[in-house]
Amino acid sequence: QVQLVESGGGLVQPGGSLRLSCAASRTMFGFNAMGWYRQAPGKKRELVASISSGGRLDYVDSVKGRFTISSDNAKRTVYLQMNSLKPEDTAVYYCKAETIGRIYWGQGTQVTVSS
């Protein structure tokens, strides 16, 4: 069993930055991939960014050049650096971990971009 705890969300003005953190309850060794998803009101949950065990990075087109996903295995933490935030980035952001045969989700953290 793995627990994922997100933090770092909040209210920010357009053009601002936030860094989200996702802390895993155990070593990330053996994880096939970790990712950040988001869900805005009335919309489906969508993949924002992911990082595979081999280091491959993937981003949804709308955040390319603005968001960066990274991981620190020693701290068992995955980060999402979000720059040049836009109102359309407003959503609950979720962390996801994939192992062989299992998927784990965090509880989510709210990001609101508004002036």
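Reading the values: the criteria
- Residues numbered from 1 in each chain as written.
- Predicted model: local features only at pLDDT ≥ 70, side-chain atom pairs only at ≥ 80, totals over all residues.
- Heavy atoms only, no water.
- Buried < 20%, exposed > 50% of the residue type's maximum accessible area, 1.4 Å probe, protein only.
- Helix = DSSP H or I, 4+ residues; strand = E, 2+ residues; numbered from the N terminus.
- Pairing = 2+ DSSP bridges.
- Contact = heavy atoms within 4.5 Å.
- Polar contact = N/O pair within 3.5 Å; in protein donor to acceptor, adjacent residues only side chain to side chain.
- Disulfide = S-S within 2.5 Å.
- Axes fitted to C-alpha atoms, helices over the stretch in contact; angles between N-to-C directions.

A. Local environment of the pairing of strand E3 (residues 18-24). Among the seven residues of E3, five are classified as buried, and the element is accordingly described as predominantly covered. As paired strands, strand E1 (residues 4-7) and E3 are joined by four bridges and run antiparallel to one another. Each residue of the ladder has a partner; that of Val 5, found in E3, is Ala 23. One ladder, built from six bridges, connects E3 with strand E8 (residues 77-82); its direction is antiparallel. When the sheet's bridge partners are listed, Ala 23 is paired in E8 with Thr 77.

B. Structural view of the side chain of Arg 66. Turning to its location among the elements, Arg 66 is positioned in the loop between strand E6 (57-59) and strand E7 (67-72). Every residue in contact with Arg 66, bar those within four places of it in the chain, is listed here: Gln 81, Met 82, Asn 83, Ser 84, Leu 85, Lys 86 and Asp 89.

C. View of the side chain of Thr 109. By the element assignment, Thr 109 lies in strand E11 (residues 109-113). Overall, the relative accessible area of 11% leaves Thr 109 in the buried class. Within the structure, the side chain of Thr 109 is placed 3.3 Å from the backbone nitrogen of Gly 9, a separation counted as a polar contact.

D. Region of the structure containing the pairing of E8. Burial analysis of E8 places five of its six residues in the buried class, the great majority of the element. Bridge count for E7 against E8 is six bridges, and the pairing is antiparallel. Bridge assignment links Ser 70 to a residue of E8, and that residue is Tyr 79.

E. Region of interest: the state of the cysteines. If you walk through the whole model with that rule in mind, you get one disulfide. With a sulfur-sulfur separation of 2.1 Å, Cys 22 is cross-linked through a disulfide to Cys 95. In this structure the cystine formed by Cys 22 and Cys 95 twists about its S-S bond by roughly -80°; its chirality is therefore left-handed. You can see Cys 22 sitting in strand E3 and its partner Cys 95 sitting in strand E9 (residues 91-99), a full 73 residues away along the chain. Judged by its relative accessible area of 0%, Cys 95 falls in the buried class.

F. Up close: the sheet that holds E1. With antiparallel pairing, the four strands of this open sheet are ordered in space as E1-E3-E8-E7. Each end of this open sheet is capped by a strand with a single partner; those strands are E1 and E7. Recorded for the sheet is a direction-independent mean angle of 15° between the axes of neighbouring strands.

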